[in-house]
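What the coordinates show
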Amino acid sequence: MIGAKIEGVGAYLPPKVVTNSDLEKIMDTSDEWIRKRTGIEERRWVDHESTSALAYQASLLALERAQVSKDEIDLIIFATLSPDHDFPGAGCFLQERLGLPGVPALDIRQQCTGFIYGLSIANTYIKSGEYRKILLVGAEVHSKGLDKSPKGRDISVLFGDGAGAVVIGAHPVEDKGCDSHIYSSHLHADGRFAKELWIAAPGTSEDFEDRLNRQMVDDGLHYGYMNGKKVFAHATKSMVAAVMEALEYNQMDVSQVDLFLFHQANLRINSMVARELGISEDRVFNTIMKYGNTTAATIPIGMNDAIAAGKLQPGMLVMTAAFGSGFTWGSTLLRY
Ligand code: UT7
């Protein structure tokens, strides 16, 4: 059978480091609050670059490491909630930067779960035979859209900028064997909670006369809103459930997984998920301390850094899980 294998991983973090102490100077917050509540110590902010510019750098690295020429890519999937422009999707801007006219570019909008949805789409396309080499990217520029007033501080201290990319290719694999490929993906959403973590405008809601006007900007509708406690509670429960679903589907147990790469929203969430799963925290690879929450980019950035740290090696069984706005959540079990 044909399986979808991750052939190369790359990441790009803008060089500008913004520490919690730097935020103290521009916002009503404290290093102590941020560390204690989230585990975040610093994050990266762009000087001026766009989301597709970060994605481009991560993509070049992923292609180089996969030893794949860009001309072999037959589909681009771009997961982001912070595209360069309202439309067209950031995938088209990345495709233009890569110089791949004609190659399809698909943007997906599943926020923190975007990369997991992307893995599922890539896996399905590859197994169907429709595409053979897919570039999947998760990238965000949050720093240009943060409310730095006291009203927005609960959100603004959490998010950072960054990009991660993987090249996924078609490979013959043995059914139920140990070849490197995506074993399964498990996706979920619950729109009843759509407004618990969202950005209202611009938009065509019945509540608005215009997609965006001065009043909407004055009211801050273009900034993110989050019901932090509700998101926290659902995130923990849903990520544990998504991991268990993947294990049950593959008839495996938690001890067989070599590395857990979870979305990076809050170190406390990941500690609770580890505790619920009965795994020691050193089996979870976290990057939130250095980068904050980079939404669709957290998992590929985690892969990149885990490889660099020698914690992710070929042949390892990897469990990813994420939760975010939508609500959306899911998991992927793969052999790297
Ligand atoms: O990736 C998408 C998914 N996102 C998540 O999973 C995030 C989930 N939620 C969380 O991680 C947490 O809810 C937060 C870290 C966002 C907030 O932690 P919390 O323990 O739920 O704090 P809180 O919002 O209840 O606020 C507690 C206090 C409040 O002050 P009072 O009312 O107790 O006086 C806030 O005003 O902390 C205050 N506060 C801050 N203080 C300093 C809120 N934000 C800040 C801040 N700096 N940045």
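Given the structure is predicted, the values throughout are model-derived calculations rather than measurements. (Residues numbered from 1 in each chain as written. Predicted model: local features only at pLDDT ≥ 70, side-chain atom pairs only at ≥ 80, totals over all residues. Heavy atoms only, no water.)

**Quick look at the packing of aromatic side chains**
- Tallied over the entire structure, the rule returns 5 aromatic pairs.
- Taken together, a centroid distance of 5.7 Å and an interplanar angle of 50° make the contact between Phe260 and Phe262 tilted.
- Of the residues examined, Phe262 reaches a relative accessible area of 2% and is grouped as buried.
- Taken together, the ring pairs in this structure connect Phe193, Phe323, Phe327 and Trp329 into an aromatic cluster. (Phe/Tyr/Trp six-rings, centres within 6.5 Å; stacked < 30°, edge-to-face > 60°. Buried < 20%, exposed > 50% of the residue type's maximum accessible area, 1.4 Å probe, protein only.)

**Topic: the sheet that holds strand S8 (residues 181–189)**
- What the 4 strands build is an open sheet, ordered S8-S13-S12-S11; its pairing is mixed. Bordering the open sheet on either side are S8 and strand S11 (259–262), each of which pairs with just one other strand. For this sheet the average axis-to-axis angle between neighbouring strands, irrespective of direction, equals 10°.
- Pairing of S11 with strand S12 (residues 317–324), which is carried by 4 bridges, proceeds in the parallel orientation. Its bridge partner being in S12, Phe260 is matched across the sheet by Met319.
- Here helix H5 (residues 114–128) sits on the sheet and contacts S8, S12 and strand S13 (328–335); the angle it forms with S8, its principal contact strand, is near 125°.
- Running at roughly 145° to S12, helix H8 (residues 228–249) makes contact with S8, S11, S12 and S13 of the sheet. (Pairing = 2+ DSSP bridges. Helix = DSSP H or I, 4+ residues; strand = E, 2+ residues; numbered from the N terminus. Axes fitted to C-alpha atoms, helices over the stretch in contact; angles between N-to-C directions. Contact = heavy atoms within 4.5 Å.)

**Brief notes about the domain arrangement of the protein chain**
- Domains assigned within the protein chain are domain 1 (2–172) and domain 2 (181–335).
- Here domain 1 and domain 2 have C-alpha centroids that lie 14 Å from each other.
- Each partner contributes residues to the interface: domain 1 has 51 residues there, and domain 2 has 45 residues.
- Carbon and sulfur atoms supply 63% of the area that domain 1 and domain 2 bury against each other, a total of about 3700 Å² over both sides.
- On the domain 1 side of the interface with domain 2, the three residues burying the most area are Cys112, Ile116 and Tyr117, jointly 16% of the side's total.
- Our count for the contact surface shared by domain 1 and domain 2 stands at 1 salt bridge.
- Seen at the junction of domain 1 and domain 2, the total is 18 residue pairs in polar contact (both at pLDDT 80 or more).
- Among the secondary structure elements, those contributing two or more residues to the side of domain 1 that touches domain 2 are strand S1 (2–12), helix H2 (31–38), strand S3 (42–44), H5, strand S6 (133–140), helix H6 (153–156) and strand S7 (162–172).
- The dominant element in the side of domain 1 that touches domain 2, judged by the number of residues it contributes, is S1, at 7 residues.
- Its residues assigned to classes, the side of domain 1 that touches domain 2 shows 21 nonpolar, 16 polar and 14 charged. (Domains from an automatic or database assignment. Buried area = accessible area lost by both parts, 1.4 Å probe. Salt bridge = Lys/Arg side-chain N within 4 Å of Asp/Glu carboxyl O. Polar contact = N/O pair within 3.5 Å; in protein donor to acceptor, adjacent residues only side chain to side chain. Nonpolar A, V, L, I, M, F, W, Y, C, P; charged D, E, K, R; others polar.)

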